[in-house]
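# Structural features, examined
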Amino acid sequence: MPELPEVETVRRGLAPTMEGALLQRLELRRPDLRFPLPRDFAARVEGRRIAALSRRAKYLLIDLEDGATVIAHLGMSGSFRIEADAIEATPGAFHHERSKDEKHDHVIFHLQRPEGSARVIYNDPRRFGFMDLATRAQLDIYPAFRDLGPEPVGNLLSADYLAGRFLGRSQPLKSALLDQKVIAGLGNIYVCEALWRSHLSPTRKVSTMVTKAGKPKPELHLLADSIREVIADAILAGGSSLRDHIQADGTLGYFQHSFRAYNREGHACLTEGCGGTVERIVQSGRSTFYCQRCQK
Ligand SMILES: [Zn+2]
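About the thresholds
Residues numbered from 1 in each chain as written. Predicted model: local features only at pLDDT ≥ 70, side-chain atom pairs only at ≥ 80, totals over all residues. Heavy atoms only, no water. Pairing = 2+ DSSP bridges. Helix = DSSP H or I, 4+ residues; strand = E, 2+ residues; numbered from the N terminus. Core = buried A, V, L, I, M, F, W, Y, C linked by side-chain atoms within 4.5 Å. Buried < 20%, exposed > 50% of the residue type's maximum accessible area, 1.4 Å probe, protein only. Contact = heavy atoms within 4.5 Å. Donors = N, O, S within 2.8 Å, 3.2 Å for Na, K, Ca; no water. Phe/Tyr/Trp six-rings, centres within 6.5 Å; stacked < 30°, edge-to-face > 60°. Arc of directions from axis to C-beta. Polar contact = N/O pair within 3.5 Å; in protein donor to acceptor, adjacent residues only side chain to side chain. pLDDT = per-residue confidence, 0-100.

Of the pairings in the sheet, the one linking strand β10 (residues 278–283) to strand β11 (residues 286–291) comprises 6 bridges and is antiparallel in character. If you follow I281 over to β11, its bridge partner there is T288. Where β10 folds back on β11, the antiparallel hairpin that results is connected by 2 residues, among which S284 adopts a positive phi of roughly 45°.

On to the nonpolar core, then. Generally speaking, nonpolar side chains in soluble globular proteins are found buried as a group. Ranked by size, the top nonpolar core spans 35 residues in total, and within it F166, L173, L177, L220 and L223 carry the most contacts. Residue assignment for this core shows that the elements contributing at least two residues are α4 (159–166), α5 (173–178), α6 (188–197) and α7 (218–249). Per-element tally for this core: the top contributor is α7, with 8 residues. If sequence neighbours within four positions are ignored, L173 has contacts with F166, L195, L200, S201, P202, R204, V206, M209 and L223. L37, F41, V45 and A72 belong to the second largest nonpolar core, which has 31 residues in total.

This part covers the coordination of the zinc ion. Those donors, C269 (SG), C274 (SG), C291 (SG) and C294 (SG), are the protein atoms that reach the zinc ion, and they lie 2.3 Å from it. Positions of the donor residues of the zinc ion along the chain correspond to the pattern C-x4-C-x16-C-x2-C. Of this pair, C274 sits in the loop between α7 and β10 while C294 sits in the segment after β11, and the two are 20 residues apart along the sequence. The same class applies to C274 as to C294, namely buried.

Moving on, we get to the packing of aromatic side chains. Throughout the structure, instances matching the rule amount to 8 aromatic pairs. Judged by centre distance (6.0 Å) and plane angle (65°), the ring pair of Y59 and F130 falls under edge-to-face. You can see Y59 sitting in strand β3 (residues 59–64) and its partner F130 sitting in strand β9 (residues 130–135), a full 71 residues away along the chain. The class of Y59 is buried, set by a relative accessible area of 16%. Ring geometry for F80 against Y122: centres 5.1 Å apart, planes inclined by 55°, an arrangement best described as tilted. Note that F80 is positioned in strand β5 (residues 79–84) and Y122 in strand β8 (residues 116–123), a separation of 42 residues in sequence. In this pair, the class of F80 matches that of Y122, namely buried. An aromatic cluster of three or more residues is present, and its members are F35, Y59, F130, Y142 and F145.

Let us look at α4. For α4, the complete set of buried residues consists of A159, L162, A163 and F166. Along the long axis of α4, the arc covered by the buried residues comes to 105°, so they all point the same way. Set apart from the buried face of α4 by more than 90 degrees, the exposed residues are D160 and G164. G168 sits one or two positions beyond α4 and adopts a positive phi of about 75°.

Attention now goes to the side chain of T288. Note on placement: T288 falls in strand β11. Looking at T288, its side chain comes within polar contact range of the side chain of Q283, at 2.6 Å. Those residues in contact with T288 that sit more than four places away from it in its chain are K174, C192, P202, E279, R280, I281 and Q283.

Our next topic: the confidence of the model for the protein. Confidence in the prediction for the protein averages 89 pLDDT; 88% of positions are at 70 or higher. Between the elements of the protein, mean pLDDT differs from a low of 60, seen in strand β6 (residues 88–89), to a high of 98, seen in strand β1 (residues 22–28). Contacts of residues 93–97 to residues separated by more than four positions or lying in other chains number 19 contacts, the stretch itself having pLDDT below 50. The low-confidence segment residues 244–255 (pLDDT under 50) makes 28 contacts with residues lying over four places distant or belonging to another chain.

Shown next, in the form of structure tokens:
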């Protein structure tokens, strides 16, 4: 399943083609993805100009000039590709091969730009993705967004904010960080990576990160910084792969993230001078990879 950095990479890959384009026609090749597509979907978006492409957690938001927003989620296997006169590209880089089998092309955005026409094609073999339509004014109360915490990029995610959420709570750090009400869009991989970077144990109780007065301890500052950095680094890696491949031949390849803790069970810990070994434990049904020696 694509994580937030992959979705952000997709957004950046699509933006130059979609932003400012006229959405001339929306071709729907089936009535549903994971859920039924919105009623009168095509009629409600055709003829509008795309004002901006944005993102909330792992959702892509296609903002139209009339105040409507298309909400898109890639599910497990969804991808977009761009077909224009000269280039064809699949924005976003994933661990496994994206499908280009046309029988899985379900939704096609036919776009008109000053330099010519382009198609943005949504392909999804397993159909766990979905698309919905909301007005911009409704986004804050949209069910998937209503209770979401702050994004793991940017200044809203601070040690002070986390101290407020952690005070008096006995939850383990790992499960608190996976809670989308605490941080939006942070998944299993990047929680493991951020905990390894900040030398914190995934089993540690969150209340131990906060002083009695409710202020963040130094390690909580380190954790907030590590979360922002690990996401920023992954977005940077996706972005550079996107640029390289578009420059090469117009087709995007797939890059492998280099994880420092995730999926490294039995390998030497990469913390300098640690000498420990990465272990795998299971917490609330999810694998956690960490080093007992340097993560306290
Ligand atoms: Zn270690």
